[in-house]
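Here's the letter readout for the chains.
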Amino acid sequence: MTETWDDVNEHVKADWKEDTTPFERLYEIVEQTHDGQSAAEIADRALVSEPTARRHCKSLVNTGFAETEQDGQTTLYKRHSDRVLMSRIRELREEVTRPELLDSIKEMKIEIRRYEDRYDVVSPEELSQQLDADETEGWDDLTAWRTTRQNLAVAQAALAYDEASHQFAV
């Protein structure tokens, strides 16, 4: 007998449910949730009842792990946006030395200046106003510029966080 994908998925779900607590499953689902979802949607994905999902989601909101937003009468839950940012900052602090971080910041600033000079604009937003729909290279550069700018902000935040941590340690 050949198992179908549905059979395999059901088997994996059953193992997951057996090996974890309802809270662990819900935590894992909320951690992956970028866009708000109702307690019913989260319950379905986490293999728990809706009241259990609602209770655990409220606990995660109270601890700062999750946040809520309203969609009419429905409360939507998602992981807290600051959590993602702080995780990236912590990862940088742990994986990159201070000199490497400084070099990386310098390189990203140079890359941003190249985009500014190449297109004679001061921001990706300004560039987007000037590009035609068929300018593939320009749109690719726009995406890369935005990514570089975002990475620069995270790197600078990691550097500032590192400096502040040292000040508190003294």
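Each chain carries its own residue numbering, running from 1 in the written order of its sequence. pLDDT decides what is reported in this predicted model: residues at 70 or higher carry local features, side-chain atom pairs at 80 or more are listed and counted, and totals for whole chains, interfaces and linings draw on all residues regardless. No hydrogens and no water enter the side-chain calculation; it runs on all heavy atoms of the structure.

- If you check an unreviewed UniProt entry, the chain appears there as Winged helix-turn-helix domain-containing protein from Haloarcula salinisoli.

**Brief notes about the packing of aromatic side chains**
- The criterion for an aromatic pair is that two Phe, Tyr or Trp rings (for Trp, the six-membered ring) have centres within 6.5 Å, with stacked assigned to planes under 30 degrees apart, edge-to-face to planes over 60 apart and tilted to the rest. Counted by the stated rule, this structure contains 3 aromatic pairs.
- With a centroid separation of 6.2 Å and 45° between ring planes, the pair formed by F23 and Y27 is classed as tilted. One end of the pair is F23 and the other is Y27, both in helix α2 (residues 22-31) and 4 residues apart, which spans about a single turn.
- Only protein chains enter the accessibility calculation, which uses a 1.4 Å probe. A residue is then buried if its area is under 20% of the maximum for its type, exposed if over 50%, and partly exposed in between. For F23, a relative accessible area of 33% translates into the label partly exposed.
- Summarising the aromatic geometry, the rings of Y27 and F65 are spaced 4.3 Å apart at their centres and angled 20° between planes, so their arrangement reads as stacked. Strands here are runs of E lasting at least two residues and helices are runs of H or I lasting at least four, both read from the DSSP assignment and numbered beginning at the N terminus.

**Observations regarding helix α6 (residues 98-119)**
- What a helix should span is 1.5 Å times the count of its residues minus one. For α6, spanning 22 residues, the distance from its first C-alpha to its last is 32 Å, which sits close to the expected 32 Å at 1.5 Å a residue.
- Turning to α6, its buried residues number three or more, namely L101, I105, M108, I112, Y115 and Y119. Summarising the axial view, the buried residues of α6 lie within an arc of 85°, below the 170-degree limit, and thus occupy one face. What points out from α6, more than 90 degrees from its buried face, is the exposed set P99, K106, E107, R114 and D117.
- Positioned one or two residues after α6, D120 has a phi angle of 55°, which is positive. Working note: the arc is built from the helix axis to C-beta atom directions.

**Quick notes on the nonpolar core**
- The term nonpolar core refers to a set of buried residues drawn from Ala, Val, Leu, Ile, Met, Phe, Trp, Tyr and Cys, joined through side-chain atoms within 4.5 Å. Ranked by size, the top nonpolar core spans 17 residues in total, and within it L101, I105, L127 and W145 carry the most contacts.
- Those elements that provide at least two residues to this core are α6 and α8 (136-169).
- Here this core gets 7 residues from one element, more than from any other, and that element is α8.
- In this view, L127 contacts Y119, V121, G138, L142 and W145; residues no more than four positions away in its chain are not counted.
- V30, A43, F65 and A66 belong to the second largest nonpolar core, which has 15 residues in total. Any two residues having at least one pair of non-hydrogen atoms within 4.5 Å are treated as being in contact.

**Quick look at unusual backbone geometry**
- Notably, L47 is not glycine yet its phi reads approximately 60°, a positive angle.
- Mapped onto the elements of the fold, L47 is located in the loop between α3 (39-46) and α4 (50-62).
- Accessibility expressed as a relative area gives 23% for L47, which makes it partly exposed.
- Not every positive phi belongs to a glycine, and D120 is a case in point at roughly 55°.
- Mapped onto the fold, D120 is located in the loop between α6 and α7 (124-130).
- Classification of D120 as exposed rests on a relative accessible area of 66%.

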